[in-house]
Amino acid sequence: MPRARVATGMTRVPDLRVGALELVVVASDVAGVYTTANGGRERFRVGSTAEIVQRIDALRAELRDPMCISTGRTPRLREFCASWGRRFLPATLTSDAPDVLVVVPHGPTHDLPVHLVEVDAGEGEPHRPLGAVVGLSYASSRSLFIRCVSRNAARRRALSQWRCDGQPRAPAAAWVRSVMSGGADVLGDLGDAFRSTCARVAEHFDGERTVFSSGSFPYTRSAIKAATRRAPHPSALCVMAHGFIDEANHRMSGLLVERDTMGVAARAIPLHDGRYFDFRDLPLRRVPRWTGAGGDAEVFTAAELEIDGEISSELVMLLGCSAGWGRVMQGDEPASLAETWLKIGAASAVAPMWDAPIAAVQSWTDEFIDGWTRLDLPKALAVRRAMQRMRDGPFRDAPERLGVMTLRGDWL
Amino acid sequence: MTESSGTRATAPLAWDRLDEMSDRALAALIDCTIFVLRQGDEAGAAPAAAQMPPSALIHALEQSLGERGLDPTAATRVVREAELSRPVAILLLEEISTEPALAAEIERVWRERGGMLFVGTATVLAAALLLLVVKLRKVKVNRAEGVEIDFDKLSNGALGAVFKFIGA
C-alpha cells in the first residue's frame, strides 16, 4: 500500500512543492511520467492498454449513469479508488506527496478521477483519497496548462502575499476579487437551490458583485456573455444551469438558460467610420426536444462561447450538469464546456466530472469558495480543503459525491 | 454540512395522481422503476429494455407476450404509437404501486434522483417498462429485509389493465 506524506497546510506559497503527473496511452501500454517537486523524473507502467481501456470504459459507463450516482451504487468507482486506480500513481508520489499535483491525462484517461484513488495516509491513519492529501488540478494538455498559467491574473500577485496557513486573510488585503454569479433552472424544479447557491457564492467576494439569480431578471445567453464583454472581466464567474451533451456534434452541446424576455438582443458590428451593422443575436441551435424544456428556454452552446467569448477571469465555476465532461476529440482534445472556458481565456475552471446530486455540489462549492476567498488559499489547496471537509462530513463513504467536483487549469 | 438541501422531490410521490405529472417527471419515475426492477431481479431475466432500439424492443415484447398467450401485435402499437406511452405507463405504474414494499423502494430511488443535477429525457419509456413487467417473475426489494415480490400476480393485473385500455 503506498503511503502519502500528509500535508498540513502550513506551508508558505513560495515554498509549496508542486509535482506533475502525465499519463500516456499508446497502442500497447498505458504509462505515466511523474515530475517530482525537485525536478526528478519517474517513469512507470500502468498496465496494458487493452486491459486499462476496458476498465475505464466500464467505469465511465457507471459514472454516466445518473441512477448509479443518485443511489450510490457505484461498485466500479469504489474498485477503482481502492484497487486498480493505484496503478496510476507512482511510488515516489505516494511516499513523498507534494502539496500540489497537476495531472495531465491522455486519450481515454481524460475524465478518470485520479483524485479519488485511496492512498495510505500513515501509521494508524485511515486511507484517504489522493485529492484530500494533495491539492490536485487537471490539465487536458501541457500547452493548455501553460496558457492558463501565463494569463492567470493571480500570478501577477507577489507569492509572498498569499496565505496558506488556514487563517482568514486580513480585511485590508490588497487582492480584491470581483464576481459575476448567475443561474437558471429552466426545467423548473431546482430554481430555489440554484438561486441560493449563486447568491452564496457571490457573498464570499469583497469586490464588485453582480448576481443574476434574484428572479427579477432572466438569466440569459446575454447575461452570461456580459461577463466576457465587460472590462475588466470579473475575477470569478459562476454559472449554474442545466447542461447537455450533443453526442453527434460536441460544439452544439450547451447550457439551458432563460429566453430573453426583452426579445432578441441586437448586436452592432462596427463597419467603418462610425457606421454599424446590426444583427440579431440568435442562439446557434434550438433546445433539444428530449430535454422537455419549455419555450422559455434557450441554449448557450460551446460553439457560441468559442465564437463570441473571451475572458481573463481567474476562475470560472460551472455548477451544472454535463459541464465537465464530453467526448475526446481529434488531437486528444477533451471537449467539455469547462474546457471551452479555459480555451477562451479563463485561468482555471471548476466543474463536475459527472452528473451528481446538487447537495454534493453545493457542499463542495461552499467549502471551496470559502477556502479560496476568506482563507486566501491557492485554488488547488482550497480544493484539497473542500475534499477533506466533505470527507469528514456525510460524504465519507460516497466517492461519487465526494469526488464529483474538480479543478482544471492553473492551480494558483 | 448536510446532504439534504436542494432536493427537488420533497413532497411525497402521489401514486394516485400520476396523470398530473409532466412527461419529464413521468419519464424520471419510469427510469427509477426500471432501475429498481432490474436491481431486484436476482434471476437475471430483466433485459436492458431502456437501451433497446425500437425494433429489438418490439421483437422482445412480441416474444414475451406470445409466451403468455397474449396478442403479440400489441407490441408494435405500444412501441410505435407515441400517444399510448403516457396512459400505458400510468397503468403499469399504478399496478406496481399496489405492492407497498416495491412502491416504497421506487419512491426512495425517485427521491434520490430528484436531487440530481441532470437533464433526463422527457421520453416516456412505457414499452421498456412493459417488457420488464412481462418478463419478471420475482423481484427482491429492500435487500436488508429481503422482501420478495411475486411479480407473476402483479404482472397479470398490469397486463389486463393495459390490454383492456388498448383494446387488443
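Note that this is a predicted model, so its numbers are computed, not measured.

(A) Region of interest: the overall build of chain B. Per the secondary structure count, chain B includes seven helices and two strands. Counting from the amino terminus, helix and strand elements in chain B follow one another as α-α-α-α-α-α-β-β-α. Rg of the C-alpha trace for chain B: 16 Å, near the compact-globule value of 15 Å for 168 residues, within the 12% margin. Principal axes of the C-alpha set define a box for chain B whose edges measure 55 × 35 × 25 Å. With 18 positive and 23 negative side-chain charges, chain B shows a spacing of 2 Å between the two charge centroids.

(B) The interface of chain A and chain B, seen in detail. Facing the 34 residues of chain A at the interface are 27 residues of chain B. Of the roughly 2600 Å² buried at the junction of chain A and chain B (both faces included), carbon and sulfur atoms supply 65%. Considering only the surface of chain A that becomes buried against chain B, Met-67, Arg-73 and Trp-290 of chain A emerge as the three largest contributors, covering 24% of it. Put simply, Glu-105 of chain B and Arg-73 of chain A hold a salt bridge, and the shortest N to O gap is 3.5 Å. Linking chain A with chain B are five residue pairs in polar contact (both at pLDDT 80 or more), by the criterion used here. When contributions to the side of chain A that touches chain B are tallied by element, the ones reaching two or more residues are helix H2 (66–71), helix H6 (191–203), strand E10 (236–244), helix H10 (358–373) and helix H11 (379–392) of chain A. Classifying every residue of the side of chain A that touches chain B by side-chain character gives 20 nonpolar, eight polar and six charged.

(C) Representation of the confidence of the model for chain B in the model. Residues and elements named next belong to chain B. With 92% of its residues at a pLDDT of 70 or more, chain B has an overall mean of 86. No element of chain B has a lower mean pLDDT than strand E2 (residues 147–150), which averages 84, and none a higher one than helix H4 (residues 82–96), which averages 94. Within the model, the stretch residues 4–8 combines pLDDT values under 50 with 18 contacts to residues more than four positions away or in other chains. Scored as a whole, the predicted complex attains pTM 0.90, and scored at its interfaces, ipTM 0.82.

(D) Main features of H4 of chain B. Residues and elements named next belong to chain B. Taking 1.5 Å per residue, 15 residues should reach 21 Å; H4 reaches 22 Å between its end C-alpha atoms and fits that length. All of the buried residues in H4 are Leu-84, Ser-85, Val-88, Ala-89, Ile-90, Leu-92, Leu-93 and Ile-96. At its buried positions, H4 is contacted by helix H1 (23–39), helix H3 (74–80), helix H5 (100–114), helix H6 (126–135) and helix H7 (151–166).

(E) Fine view of the packing of aromatic side chains. Residues and elements named next belong to chain A. Tallying each qualifying case throughout the model produces eight aromatic pairs over all chains. For the ring pair Phe-244 and Trp-290, a centre distance of 6.2 Å and an interplane angle of 85 degrees mean the geometry is edge-to-face. Of this pair, Phe-244 sits in strand E10 while Trp-290 sits in the loop between strand E13 (275–280) and strand E14 (297–301), placing them 46 residues apart in sequence. Judged by relative accessible area, which is 2%, Phe-244 ranks as buried. Among the aromatic side chains, those forming a connected cluster through ring pairs are Phe-205, Trp-364, Phe-368 and Trp-372. In this arrangement the basic side chain of Arg-157 is found over the ring face of Trp-162, its NZ or CZ atom lying 4.3 Å from the centre. A cation over an aromatic ring shows up here: Arg-177 above the ring of Trp-372, its NZ or CZ 4.0 Å from the ring centre.

(F) Seen up close, H5 of chain B. With 15 residues, H5 of chain B should cover 21 Å at 1.5 Å per step; its first-to-last C-alpha distance of 20 Å lies within 8% of that length. All buried positions along H5 of chain B are accounted for by Leu-102, Ala-103, Glu-105, Ile-106, Glu-107, Val-109, Trp-110, Arg-113 and Gly-114 of chain B. Those residues of H5 of chain B hidden inside the fold are in contact with H2 of chain A together with H1, H4, strand E1 (138–141), E2 and H7 of chain B.

(G) Focus on the nonpolar core. Judged by nonpolar contacts, the single largest core of 96 residues is most densely connected at Phe-80, Phe-88, Leu-101, Leu-130, Met-317 and Phe-368 of chain A. When residues no more than four places from it in sequence are discounted, the contact partners of Phe-80 of chain A are Leu-59, Gly-85, Arg-86, Phe-88, Leu-112, Pro-113, Val-114 and Val-117 of chain A. Leu-92, Ala-126, Val-141 and Leu-154 of chain B belong to the second-largest nonpolar core, a separate cluster that totals 57 residues.

(H) The arrangement of the environment of Glu-95 of chain B in detail. Residue and element names in this part refer to chain B. Examined against the element boundaries, Glu-95 turns out to sit in helix H4. Separated by 52 residues in the primary sequence, Glu-95 and Val-147 have C-alpha atoms spaced 18 Å apart. Not counting chain neighbours up to four residues away, the residues in contact with Glu-95 comprise Leu-154, Gly-157 and Ala-158.

(I) Focus on unusual backbone geometry. All names here are of chain A. In this structure, the amide linkage connecting Ala-231 to the following residue, Pro-232, adopts the cis form with an omega of -5 degrees. Turning to its location among the elements, Pro-232 is positioned in the loop between helix H7 (221–229) and E10. Positive phi is not limited to glycine here, since Asp-111 has a value of about 75 degrees. Secondary-structure assignment places Asp-111 in the loop between strand E4 (100–104) and strand E5 (118–119). What makes Asp-111 buried here is its relative accessible area of 16%. Even without glycine at this site, Asp-273 takes up a positive phi of about 55 degrees. Secondary-structure assignment places Asp-273 in the loop between strand E12 (266–272) and E13.

(J) Examining the environment of Ile-311 of chain A more closely. All names here are of chain A. Considering the arrangement of structural elements, one finds Ile-311 in the loop between helix H8 (302–308) and strand E15 (315–318). Taking the relative accessible area as the measure of exposure, Ile-311 reaches 3% and is therefore buried. Note: C-alpha distance between Ile-311 and Lys-225 (86 residues apart in sequence) is 9.5 Å. When residues no more than four places from it in sequence are discounted, the contact partners of Ile-311 are Ala-227, Thr-228, His-233, Leu-237, Trp-341, Ile-344, Gly-345 and Ala-346.

(K) A look at the pattern of salt bridges. Evaluation of the coordinates by the stated rule reveals 41 salt bridges over all chains. Ionic pairing is found between Arg-77 of chain B and Glu-81 of chain B, a salt bridge with its closest N-O pair at 3.3 Å. Through salt bridges with shared partners, a single network forms among Arg-221, Lys-225, Arg-229, Arg-259, Arg-267, Asp-281, Glu-298, Glu-304 and Asp-308 of chain A.

Procedures and definitions
Residues numbered from 1 in each chain as written. Chains lettered and ligands numbered in written order. Predicted model: local features only at pLDDT ≥ 70, side-chain atom pairs only at ≥ 80, totals over all residues. Heavy atoms only, no water. Helix = DSSP H or I, 4+ residues; strand = E, 2+ residues; numbered from the N terminus. Rg over C-alpha atoms; globule rule 2.2 N^0.38 Å. Lys, Arg positive; Asp, Glu negative; His and termini not counted. Charge placed at Lys NZ, Arg CZ, Asp CG, Glu CD. Contact = heavy atoms within 4.5 Å. Buried area = accessible area lost by both parts, 1.4 Å probe. Salt bridge = Lys/Arg side-chain N within 4 Å of Asp/Glu carboxyl O. Polar contact = N/O pair within 3.5 Å; in protein donor to acceptor, adjacent residues only side chain to side chain. Nonpolar A, V, L, I, M, F, W, Y, C, P; charged D, E, K, R; others polar. pLDDT = per-residue confidence, 0-100. Expected span 1.5 Å × (residues − 1). Buried < 20%, exposed > 50% of the residue type's maximum accessible area, 1.4 Å probe, protein only. Phe/Tyr/Trp six-rings, centres within 6.5 Å; stacked < 30°, edge-to-face > 60°. Lys NZ or Arg CZ within 6 Å of the ring centre and 35° of its normal. Core = buried A, V, L, I, M, F, W, Y, C linked by side-chain atoms within 4.5 Å.

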